[in-house]
Amino acid sequence: MAEAALRGDYTRAGADYAVEQDWAAYTDAEHALYRRLFERQAKLVPHYACPEWQAAIAGLEGVSEKIPHFGRLSEKLRRATGWEIVPVPGLIPDEAFFTHLANRRFPVTVWLRKPEEFDYIVEPDVFHDFFGHVPLLFDRTYADHLYEYGKGGLKAMRLDAVKMLARLYWYTIEFGLTRTKAGIRAYGAGLLSSGGELAYCVDDPRPQRRPFDLERIMRTEYRIDRYQDTYFVIDSFEHLMRETAPDFTPIYARLKSLPSFRPDEK
Ligand code: PHE
Ligand code: FE
């Protein structure tokens, strides 16, 4: 990762890339922008977000008004699932990221996007990281899964298979869909925090919605600059847990020599 090209201030970051969240330094304009982002998504989530996300956000007070205080969130999270939030300057290298997850720490970016990035932002900011990722950490199964993913990431580094595992993260944690009694709903953070893609991923006839398929996912390329062409649908977080529990070592070895699928390949 080339930190130089990223927006955050990495000069104060520790070896694990943690920084302070200087909550008092957020301006009124930043809190107001955050509130506008929250309000837009709040109208969509009743219809498009998975029930686990909705249950969790209902239990978090004050988070619709101002950029959340990570320390207070961590206290609640610790009690619920043993996780905590680590403030970071932005994207961090794989090893630091996986190590945090493997210790039940979720890195959350401290800075907020600019007003002109209301609809679209290239790097994850505090709105994406909080709104998309944090509520689901209150769900026991999801939280356990992400912990296993972190350990699996450190293992994938040793096996030179991070690219395959990163595709799994992309098509689940960032852009995953789940089946519910009411229909298909989003649990991926990139969807939950998106003004446009949240409705698109559920309602639009164009994208593929394929049943979760571990090997297909590991072989499928993805695009970071447009709505996804293909989504993968889980039945539940238990289902995701079960499908990702096997040892990936032989799977990585087998898939390494196989061609990949284009994002929109049928
Ligand atoms: N089962 C995976 C492995 O052996 C670890 C993992 C678990 C990866 C859950 C992702 C999600 O490497
Ligand atoms: Fe994310």
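Structure first, text after, so check above.
Model, not experiment: these values are computed from the prediction. (Residues numbered from 1 in each chain as written. Chains lettered and ligands numbered in written order. Predicted model: local features only at pLDDT ≥ 70, side-chain atom pairs only at ≥ 80, totals over all residues. Heavy atoms only, no water.)

## Quick look at the overall build of the chain
Part 1 of the argument: Across its full length, the chain holds 12 helices and 6 strands.
Part 2 of the argument: In terms of overall size, the chain behaves like a compact globule, its C-alpha atoms giving a radius of gyration of 18 Å where 266 residues would be expected to give roughly 18 Å.
Part 3 of the argument: Along the first, second and third principal axes, the C-alpha set of the chain runs to 50 × 40 × 35 Å.
Part 4 of the argument: Accessible surface computed for the chain: about 12,500 Å², of which carbon and sulfur atoms make up 52%.
Part 5 of the argument: Side chains of the chain give 36 positive and 40 negative charges; the mean places of these two sets differ by 4 Å. (Helix = DSSP H or I, 4+ residues; strand = E, 2+ residues; numbered from the N terminus. Rg over C-alpha atoms; globule rule 2.2 N^0.38 Å. Areas by Shrake-Rupley, 256 points an atom, 1.4 Å probe, with all protein chains shown as cover. Lys, Arg positive; Asp, Glu negative; His and termini not counted. Charge placed at Lys NZ, Arg CZ, Asp CG, Glu CD.)

## Focus on unusual backbone geometry
Part 1 of the argument: At Y17, a position not held by glycine, the phi torsion is positive, near 70°.
Part 2 of the argument: Phi at R104 is positive, roughly 55°, even though this residue is not glycine.
Part 3 of the argument: Along the polypeptide, R104 turns up in the loop between α4 (94–102) and β2 (105–109).

## Regarding the site of ligand 1
Part 1 of the argument: All residues in the neighbourhood of ligand 1 are listed as H145, E148, Y149, G152, K155, L165, L168, T244, A245, P246, D247 and F248.
Part 2 of the argument: Here P246 contributes a backbone N or O atom positioned 2.7 Å from a nitrogen atom of ligand 1.
Part 3 of the argument: At 3.0 Å, a backbone N or O of F248 approaches an oxygen atom of ligand 1.
Part 4 of the argument: Isolated, ligand 1 exposes 330 Å² of accessible area, and the fraction of that covered by the protein chains is 92%.
Part 5 of the argument: Of all the secondary structure elements, the ones that give two or more residues to the shell around ligand 1 are α6 (140–158) and α7 (162–174). (Near = heavy atom within 4 Å. Polar contact = N/O pair within 3.5 Å; in protein donor to acceptor, adjacent residues only side chain to side chain.)

## Side note on the sheet that holds strand β3 (residues 177–180)
Working definition: the strands of a sheet are paired by backbone hydrogen bonds and lie parallel or antiparallel to each other.
Part 1 of the argument: Here 4 strands make up an open sheet; going across it, the order is β4-β3-β6-β5 and the pairing mixed. Only two strands of the sheet have a single partner each, and these edge strands are β4 (183–186) and β5 (208–211). When strand polarity is set aside, the average angle formed by the axes of neighbouring strands in this sheet is 40°.
Part 2 of the argument: Two strands pair when backbone bridges link them, and β3 and β4 are joined in this way by 4 bridges, in the antiparallel orientation. Of the residues in β4, the one forming a bridge with R179 is I184. (Pairing = 2+ DSSP bridges. Axes fitted to C-alpha atoms, helices over the stretch in contact; angles between N-to-C directions.)

## A word on the coordination of the iron ion (ligand 2)
Part 1 of the argument: Each protein donor to the iron ion (ligand 2) is listed here as H128 (NE2), H133 (NE2), E174 (OE) and E174 (OE); together their distances run 2.0 to 2.7 Å.
Part 2 of the argument: In this structure, the iron ion (ligand 2) is coordinated by 4 donor atoms arranged in irregular fashion, with angles at the metal of 53 to 139°.
Part 3 of the argument: Donor residues binding the iron ion (ligand 2) come from one chain and are separated in sequence as H-x4-H-x40-E. Separated by 41 residues along the polypeptide, H133 in helix α5 (residues 126–133) and E174 in helix α7 bring together distant segments of the chain. You'll find H133 and E174 in the same group, each marked buried. (Donors = N, O, S within 2.8 Å, 3.2 Å for Na, K, Ca; no water. Tetrahedral: all angles 85-135°; square planar, octahedral: opposite > 155°, others 65-115°. Buried < 20%, exposed > 50% of the residue type's maximum accessible area, 1.4 Å probe, protein only.)

## Quick look at the environment of P51
Part 1 of the argument: You can see P51 is positioned in helix α2 (residues 51–58).
Part 2 of the argument: Residues P51 and V19, 32 residues apart in the sequence, show an inter-C-alpha distance of 32 Å.

## Some remarks on the packing of α6 against α7
When two helices pack together, their arrangement is given by the angle between the helix axes and by the axis-to-axis distance.
Part 1 of the argument: Following both chains from N to C, one finds α6 and α7 inclined at 160°, their axes separated by 9 Å at the closest point. The pairing of α6 with α7 is recorded here as roughly antiparallel in orientation. In the packing of α6 onto α7, the handedness of the crossing is left-handed. Note on element contacts: α7 touches α6 through V162, L165, A166, L168, Y169 and I173, opposite Y142, H145, L146, Y149, G152, G153, A156 and M157. (Parallel < 35°, antiparallel > 145°, perpendicular 65-115°, else oblique. Left-handed = near helix turned anticlockwise from the far one by under 90°. Contact = heavy atoms within 4.5 Å.)

## Some remarks on the side chain of T244
Part 1 of the argument: Within the secondary structure, T244 sits in helix α11 (residues 237–244).
Part 2 of the argument: Here L240 takes part through its backbone oxygen, which lies 2.7 Å from a polar atom of the side chain of T244.
Part 3 of the argument: Discounting chain neighbours no more than four positions away, the residues touching T244 are H145, L168, F212 and L214.

## Here's the deal with the pattern of salt bridges
Part 1 of the argument: Tallied over the full model, the rule gives 16 salt bridges.
Part 2 of the argument: Notably, a salt bridge pairs R7 with E117, separated by 2.6 Å at the nearest N-O pair. Of this pair, R7 sits in the segment before α1 (28–48) while E117 sits in the loop between β2 and α5; the two residues are 110 residues apart in sequence, bridging distant segments of the chain.
Part 3 of the argument: Judged by its relative accessible area of 33%, R7 is partly exposed.
Part 4 of the argument: We note a salt bridge from R113 to D125, for which the minimum N-O separation is 2.8 Å. Placement of the pair is R113 in the loop between β2 and α5 and D125 in the loop between β2 and α5, with a sequence separation of 12 residues.
Part 5 of the argument: Overall, the relative accessible area of 5% leaves R113 in the buried class.
Part 6 of the argument: The network of salt bridges with shared partners includes R262, D264 and E265. (Salt bridge = Lys/Arg side-chain N within 4 Å of Asp/Glu carboxyl O.)

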